[in-house]
Amino acid sequence: MKLVYMGTPNFAVPPLRALMAAGHEIAAVVTRADKPAGRGRGISPPPVKLAALEMGRSVYQPARIRQPEAVEKLRVLGPDIIVVAAYGQILPKEILSLPKYGCVNIHASLLPAYRGAAPINWAIINGEKQTGVTIMQMDEGMDTGPILMQEALAIEPEDTAGSLAERLSALGARLIVEALGLIQSGGIAPTQQDHSKATFAPLLKKEDGLIDWGRSADEIHNRARGLSPWPGAYTYLDGRMIKILETEPAQGQAMPGHIVQADKDLIVGAGSGLIRILRLQPEAKRPMTALEFLRGHRNISGKFFVSARP
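Description of the structure in this document. (Residues numbered from 1 in each chain as written. Predicted model: local features only at pLDDT ≥ 70, side-chain atom pairs only at ≥ 80, totals over all residues. Heavy atoms only, no water.)

Focus: a nonpolar patch on the surface
A grouping of Met255, Phe304 and Val306 is seen on the molecular surface, where their side chains present a nonpolar patch of about 260 Å² in accessible area. Its place among the elements puts Val306 in the segment after helix H8 (290–295). (Patch = residues over 30% accessible without salt bridge, like charges linked within 9 Å, V, L, I, M, F, W, Y side chains within 5 Å. Areas by Shrake-Rupley, 256 points an atom, 1.4 Å probe, with all protein chains shown as cover. Salt bridge = Lys/Arg side-chain N within 4 Å of Asp/Glu carboxyl O. Helix = DSSP H or I, 4+ residues; strand = E, 2+ residues; numbered from the N terminus.)

Right, dumping it as structure tokens:
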């Protein structure tokens, strides 16, 4: 089919490559504008833009997709279908109804669970054991359209949001190629979602990473996994921020935030249970193991990690 592809982050790159490899005509790739990134805040193009240019595809980066000139550009392109994967903007009715086969979305959850912008992160934060990918027909709601195809994927105990996103992206790449073939042949029947079972995955903010040591050890561990690599879980010690990169729950009990062991292990109290910190990143420093950190912080046993800079 002749299609327009809309996506922005790394998650959206494998499906784009898969559609190209399957022989579909990609008339244009629509992605978000280049933006500052990294410590130097230099302007950086989205991963999808880089992949599209590498494949020789035309790239379009409107500030707002609902602007009349953006809608008109898509109309002139005349796609049979628009495929969306983590694009980052809501499509207006004028675009949803433009292609012959409408717009389909690759969503990284088993809808109606985890509708919204951050389904991978919130599934891990909430301690889910499985998630998956849904190929859905888009409507004017937030991930409320009919389901075309769905496949589950286990969340492994060691998964972070980053590692899980890679596996879900590969799954989405396979499913979207299968789905387009079935859509074109008329061999797929949309299934309405049960809206009464909907749960939500709102956009993450940096402050979502602040650790509340009053939560259970399992909750803190899942939050650190679910917020890796961004925005990252963090806390404060002696007035300086420390990112908590890798953890595991441990047996025992201590006051929330209390550093009960700081020799070969770095172990901290939680609301219930203990947290062993395996890797962390002190403010303005490189990531390091707990043992490396402790070599330079020999007298922190008995101190407290806190949830605000003093």
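That was the structure; now back to the text.
Re unusual backbone geometry
Cis geometry is found at the peptide bond from Leu111 to Pro112, where omega equals 15°. Relative to the elements of secondary structure, Pro112 occurs in the loop between strand S7 (103–107) and helix H5 (119–125). The linkage connecting Ser228 with the following residue, Pro229, adopts the cis geometry, with an omega of 15°. With respect to the helices and strands, the residue Pro229 is situated in the loop between helix H7 (217–226) and strand S10 (233–237). Residues other than glycine seldom take positive phi values, yet Tyr114 does so here, at roughly 60°.

A short note on the nonpolar core
Ranked by size, the top nonpolar core spans 47 residues in total, and within it Tyr5, Leu16, Val83, Ile135 and Leu180 carry the most contacts. For this core, the element with the most residues is helix H6 (residues 161–185), which contributes 10 residues. The contacts of Ile135, once residues within four sequence positions are left out, are Asn105, Ile106, Ile147, Leu148, Met149, Leu175, Ile176 and Ala179. In this structure, Ala217, Ile244, Ala270 and Leu294 belong to the second largest nonpolar core, which totals 23 residues. (Core = buried A, V, L, I, M, F, W, Y, C linked by side-chain atoms within 4.5 Å. Buried < 20%, exposed > 50% of the residue type's maximum accessible area, 1.4 Å probe, protein only. Contact = heavy atoms within 4.5 Å.)

Regarding the side chain of Thr134
Along the chain, Thr134 falls in strand S8 (residues 130–137). Thr134 gets classed as buried once you look at its relative accessible area, which sits at 0%. Side chain to side chain, Thr134 and Gln150 meet in a polar contact 2.9 Å long. (Polar contact = N/O pair within 3.5 Å; in protein donor to acceptor, adjacent residues only side chain to side chain.)

Remarks on the packing of aromatic side chains
Within a pair of aromatic rings, the relevant descriptors are the distance that separates the centres and the angle that separates the planes. Taken as a whole and judged by the stated rule, the model has two aromatic pairs. Taken together, a centroid distance of 5.6 Å and an interplanar angle of 15° make the contact between Trp213 and Phe305 stacked. With Trp213 in the loop between H6 and H7 and Phe305 in the segment after H8, the pair connects residues that are 92 residues apart, well separated along the chain. Given a relative accessible area of 3%, Trp213 falls into the buried group. Here Phe305 falls in the buried class, since its relative accessible area comes to 2%. Between the aromatic rings of Tyr234 and Tyr236, the centroid separation amounts to 6.1 Å while the plane-to-plane angle is 90°, which identifies the pairing as edge-to-face. For the pair formed by Tyr234 and Tyr236, the shared burial category is buried. (Phe/Tyr/Trp six-rings, centres within 6.5 Å; stacked < 30°, edge-to-face > 60°.)

A closer look at helix H2 (residues 47–54)
Burial in H2 covers these residues: Val48, Lys49, Ala51 and Ala52. The buried residues of H2 occupy an angular sector of 165° when the element is viewed end-on, so they sit on one face. In this structure, the buried residues of H2 make contact with strand S1 (2–7), helix H1 (13–21), strand S2 (25–30) and strand S5 (59–60). Downstream of H2 by a residue or two, Gly56 has a phi angle that is positive, lying close to 80°. (Arc of directions from axis to C-beta.)

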